[in-house]
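Chain by chain, the residues run as shown.
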Amino acid sequence: MAGVFVAAPLGFYIQYFNERAGGARSFSVAAAVDAILWIVTTAIAFAFILKGKVQQHRQWMTRSFAVALVFLEVRVVLGVTGLEKVNGGAFDETVVWACVAFSLLFADVVLQWQELRAKRPAPARAPATTGASAPSAVLSGD
């Protein structure tokens with residue numbers, strides 16, 4: 001928790017500092033959105049674990065992890081594809097916003113896939129009765 005609440009604003013500040021040195025404002029906005037998403041998803045996960053709701057906590061931590069990976073995803077996508085060298089970095093902004101936008105979507109796809117693959121317990125069957133059932137006598141009291 002402490003790491004998120006320190007790293008998220010720090011990441012935004014570093015990007016804002018880069019903007020003052022000539023970077024694009026849209027990168028600062030993307031860093032702010034990513035920082036807010038990271039803090040919010042982590043805070044929600046923390047609230048769920050405090051209430052003892054482990055399953056919901058795990059789901060929100062998966063989302064938090066996906067948002068945290070945006071920084072790495074951008075560097076990998078730009079580096080592996082070579083888009084960082086095309087047109088002087090013209091695709092950088094598109095890649096950053098795509099990674100931010102799809103981070104939560106991909107986290108939910110993973111969560112839904114896990115739930116889909118989870119083995120469901122077989123429904124309980126009623127015990128079979130042996131022989132013919134006799135009519136029950138109704139007792140009446142006078």
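Just so it is clear, the structure is predicted and the values come from calculations on it, not from any experiment.

**Thoughts on the packing of helix α3 (residues 54–68) against helix α4 (residues 70–81)**
Step number 1: In contact at an axis separation of 5 Å, α3 and α4 are set at 45° when each is read in the N-to-C sense. Of the possible angle classes, the one that applies to α3 and α4 is oblique. In contact with Ala 66, Val 67 and Ala 68 of α3, α4 contributes Val 70, Phe 71 and Glu 73.
Step number 2: For the contact of α3 with α4, the residue count by class is five nonpolar, no polar and one charged.

**Some remarks on the nonpolar core**
Step number 1: Grouped together as the largest cluster of nonpolar side chains are eight residues: Ala 30, Val 70, Val 74, Leu 78, Val 95, Val 96, Cys 99 and Val 100.
Step number 2: Secondary structure elements with two or more residues in this core: α4 and α5 (92–117).
Step number 3: Broken down by element, the residue count for this core peaks at four residues, all from α5.
Step number 4: In this structure, Val 70 is in contact with Asp 34, Cys 99, Val 100 and Ser 103, ignoring residues within four places of it in sequence.

**Some remarks on the packing of aromatic side chains**
Aromatic rings considered in pairs are described by the distance between their centres and by the relative angle of their planes.
Step number 1: Here the structure, examined in full by the defined rule, presents three aromatic pairs.
Step number 2: Where Phe 12 meets Tyr 16, the ring centres are 6.2 Å apart and the plane angle is 25°; that geometry is what we call stacked. With Phe 12 and Tyr 16 both in helix α1 (residues 2–20) and four residues apart, this pair spans about one turn of that helix.
Step number 3: When its relative accessible area of 31% is taken as the criterion, Phe 12 is described as partly exposed.
Step number 4: Overall, Tyr 16 belongs to the partly exposed group, its relative accessible area being 34%.
Step number 5: Seen in terms of ring centroids, Phe 102 and Phe 106 are 5.6 Å apart; in terms of plane orientation they differ by 25°. Their pairing is stacked. Placement of both Phe 102 and Phe 106 in helix α5 is noted, with a separation of four residues, approximately one turn of the helix.
Step number 6: Residue classification places Phe 102 among the partly exposed positions, given a relative accessible area of 40%.

**Things to note about α3**
Residues that lie three or four places apart on an α-helix share one face, since the helix turns once every 3.6 residues.
Step number 1: For α3, with 15 residues, the first-to-last C-alpha span of 20 Å sits near the 21 Å given by 1.5 Å per residue.
Step number 2: Among all positions of α3, only His 57, Arg 63, Ser 64, Ala 66 and Val 67 are buried.
Step number 3: Where α3 is buried, its residues contact α2 (25–50), α4 and α5.

**A few points about the layout of surface pockets**
Step number 1: Considering only enclosed or pocket space, the largest pocket measures out at about 630 Å³ in volume.
Step number 2: Counting residues per element, the ones that place at least two in the lining of the largest pocket are α1, α2, α3, α4 and α5.
Step number 3: Sort the elements by how many residues they give to the lining of the largest pocket and α1 lands first, with seven residues.
Step number 4: Considering only residue class, the lining of the largest pocket consists of 17 nonpolar, three polar and three charged.
Step number 5: Along the walls of the second largest pocket sit Gln 55, Arg 58, Gln 59, Arg 63, Leu 111, Gln 112, Gln 114 and Glu 115, which together make up its complete lining.
Step number 6: Broken down by class, the residue content of the lining of the second largest pocket amounts to one nonpolar, four polar and three charged.

Calculation rules
Residues numbered from 1 in each chain as written. Predicted model: local features only at pLDDT ≥ 70, side-chain atom pairs only at ≥ 80, totals over all residues. Heavy atoms only, no water. Axes fitted to C-alpha atoms, helices over the stretch in contact; angles between N-to-C directions. Helix = DSSP H or I, 4+ residues; strand = E, 2+ residues; numbered from the N terminus. Parallel < 35°, antiparallel > 145°, perpendicular 65-115°, else oblique. Contact = heavy atoms within 4.5 Å. Nonpolar A, V, L, I, M, F, W, Y, C, P; charged D, E, K, R; others polar. Core = buried A, V, L, I, M, F, W, Y, C linked by side-chain atoms within 4.5 Å. Buried < 20%, exposed > 50% of the residue type's maximum accessible area, 1.4 Å probe, protein only. Phe/Tyr/Trp six-rings, centres within 6.5 Å; stacked < 30°, edge-to-face > 60°. Expected span 1.5 Å × (residues − 1). 1 Å grid on protein atoms, 1.4 Å probe; cavity = no way out; pocket = protein on both sides within 12 Å on 5 of 7 lines; lining within 4 Å. Points joined across faces, edges and corners; volume = space filled by probe spheres on them.

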